[in-house]
Amino acid sequence: MSTDLGRERLSLTRTTKAAPAAGNAGRRVARRRLGPGRPIPYGRALGPLLLLAVWSAGSATGLIDARNLSAPWTVVTTAGDLIADGRLQSNVWTSTERALSGLAYGTAAGLVLALIAGLSRLGEGVIDGPVQIKRGIPSLALIPLLILWFGIGESMKVITIALGAFVPVYIHTHNGLRTIDSRYVELAETLGLSRPRFLLHIVLPGALPGFLLGMRFAVTAAWLALAVVEQVNATSGIGYMMGLARTYGQTDIIIVGLVVYGLLGLLSDGLVRLVERKVLSWRRTLAG
């Protein structure tokens, strides 16, 4: 009898000790589930691979008409032919030059105006209103006016790209400046920091996350504007190559151009994300 009682007490003691541990483990699991989870190796490739699989299956089974959308293997063959005769490299280089030129001008203008508007009430009053008006007007809607002003040459194309990249850089940098904690400003005043040192140690680090976010949007806007302006009297570039293919119904070349646009956009966005990860490594976020 005493032996049975002893066994029951021992079992109860073990259960009591194990219960908190199980509860803690459950809470740890629950805490982990609140976040997005661990990064999946090459997780960003899952969507494109799934799309490619559907495209290949549709082409192989005849559900996708080759006259409307060429098969993936046809596109790969066409891309190889374009690379072999040098047409693809030449057009990609021309388009990249246009995009980078417009992006550089737009980024510089957006950054300078954001600093002026963010650090001065007078500057904000003069600059912010017109920029917000421009924000509501698509840059591509200005193309007819820009053609009248600058013609149909390279200047019009670069300016259109610059206008597309300018707004997101300004908006996000200006927002980053306005959301700097006022306690840092008070601390700088208490320490007697000069204006240049205040800009270097307080303003620029505080505005950097917003600026880099704006750069990601600006890069996308630059490639979007490029795809449109290259349809306007261009004699070279990816858009010109695609426009010529449209005339002859060559969907494979059109798809090659779209893929190149997509790859260039992903590459440029990835570079900005890499810079962001390195420069802002001190932040702890869900992205890890």
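As the structure is a prediction and not an experimental result, all values here were calculated from the model. (Residues numbered from 1 in each chain as written. Predicted model: local features only at pLDDT ≥ 70, side-chain atom pairs only at ≥ 80, totals over all residues. Heavy atoms only, no water.)

Chemist: How would you explain the overall build of the protein if you had to name every residue and give the values?
Modeler: Along its length, the protein carries eleven helices and zero strands. Beginning at the N terminus, the succession of helices and strands in the protein can be written as α-α-α-α-α-α-α-α-α-α-α. Residues classed as buried in the protein amount to 34% of the 288 residues present. Sequence-distant contacts, at least 24 apart, represent 72% of the contacts inside the protein between residues at least 6 apart. For the protein, the exposed area adds up to about 18,400 Å²; of that, 66% sits on carbon and sulfur atoms. (Helix = DSSP H or I, 4+ residues; strand = E, 2+ residues; numbered from the N terminus. Buried < 20%, exposed > 50% of the residue type's maximum accessible area, 1.4 Å probe, protein only. Contact = heavy atoms within 4.5 Å. Areas by Shrake-Rupley, 256 points an atom, 1.4 Å probe, with all protein chains shown as cover.)

Chemist: Could you give me a rundown of the packing of aromatic side chains, with the residues and numbers involved?
Modeler: Applying the stated criterion across every chain yields a total of two aromatic pairs. Relative to Phe 150, the ring of Trp 149 has its centre 6.4 Å away and its plane inclined at 80 degrees; by these criteria the two rings are edge-to-face. The interplanar angle of 35 degrees and the centroid separation of 6.3 Å between the aromatic rings of Phe 166 and Tyr 170 together place this pair among those described as tilted. Of the two residues, Phe 166 and Tyr 170 are both situated in helix H7 (residues 154-178); the distance of four residues between them amounts to about one turn of the helix. Overall, Tyr 170 belongs to the buried group, its relative accessible area being 0%. (Phe/Tyr/Trp six-rings, centres within 6.5 Å; stacked < 30°, edge-to-face > 60°.)

Chemist: Tell me about the side chain of Thr 251, and please be specific about residues and values.
Modeler: By the element assignment, Thr 251 lies in helix H11 (residues 251-279). Note on Thr 251: relative accessible area 16%, which makes it buried. If we skip the residues at most four places from it in the chain, Thr 251 touches Ala 66, Arg 67, Asn 68, Leu 69 and Ser 70.

Chemist: Describe in detail the packing of helix H3 (residues 72-84) against H11, supporting the description with residues and values.
Modeler: At a closest axis distance of 9 Å, the pairing of H3 and H11 adopts a crossing angle of 80 degrees. Taken as axis vectors, H3 and H11 run roughly perpendicular relative to one another. Each of Thr 74, Val 75, Thr 78, Ala 79 and Leu 82 in H3 lies in contact with H11, whose residues at this interface are Asp 252, Ile 253, Ile 255 and Val 256. Tallied by class, residues from the contact of H3 with H11 come to six nonpolar, two polar and one charged. (Axes fitted to C-alpha atoms, helices over the stretch in contact; angles between N-to-C directions. Parallel < 35°, antiparallel > 145°, perpendicular 65-115°, else oblique. Nonpolar A, V, L, I, M, F, W, Y, C, P; charged D, E, K, R; others polar.)

Chemist: Run through the side chain of Ser 268, naming residues and quoting values.
Modeler: Its place among the elements puts Ser 268 in helix H11. Polar contacts involving the side chain of Ser 268 include one to the main-chain carbonyl oxygen of Gly 265, which spans 3.0 Å. With near-sequence residues (within four places) excluded, Ser 268 lies in contact with Val 219 and Trp 223. (Polar contact = N/O pair within 3.5 Å; in protein donor to acceptor, adjacent residues only side chain to side chain.)

Chemist: Which residues make up the pattern of salt bridges, and what are the values?
Modeler: For the structure on display, the rule yields seven salt bridges. In this structure, Asp 65 and Arg 67 form a salt bridge, with 2.8 Å as the shortest nitrogen-oxygen distance. Exposure remark for Asp 65: the relative accessible area of 29% places this residue in the partly exposed category. Of the charged contacts, one joins Arg 216 and Asp 269 as a salt bridge, the two residues approaching to 3.0 Å between their closest N and O atoms. With Arg 216 in helix H9 (residues 195-229) and Asp 269 in helix H11, the pair connects residues that are 53 residues apart, well separated along the chain. Owing to a relative accessible area of 23%, Arg 216 belongs among the partly exposed residues under this scheme. (Salt bridge = Lys/Arg side-chain N within 4 Å of Asp/Glu carboxyl O.)

Chemist: Describe a nonpolar patch on the surface, and please don't skip the residues or the numbers.
Modeler: A contiguous nonpolar surface patch, about 480 Å² in accessible area, is contributed by Leu 145, Leu 148, Trp 149 and Phe 150. Turning to its location among the elements, Phe 150 is positioned in helix H6 (residues 143-150). Classification of Phe 150 as partly exposed rests on a relative accessible area of 40%. (Patch = residues over 30% accessible without salt bridge, like charges linked within 9 Å, V, L, I, M, F, W, Y side chains within 5 Å.)

Take it as geometry only, folks, not as evidence of what the structure does.
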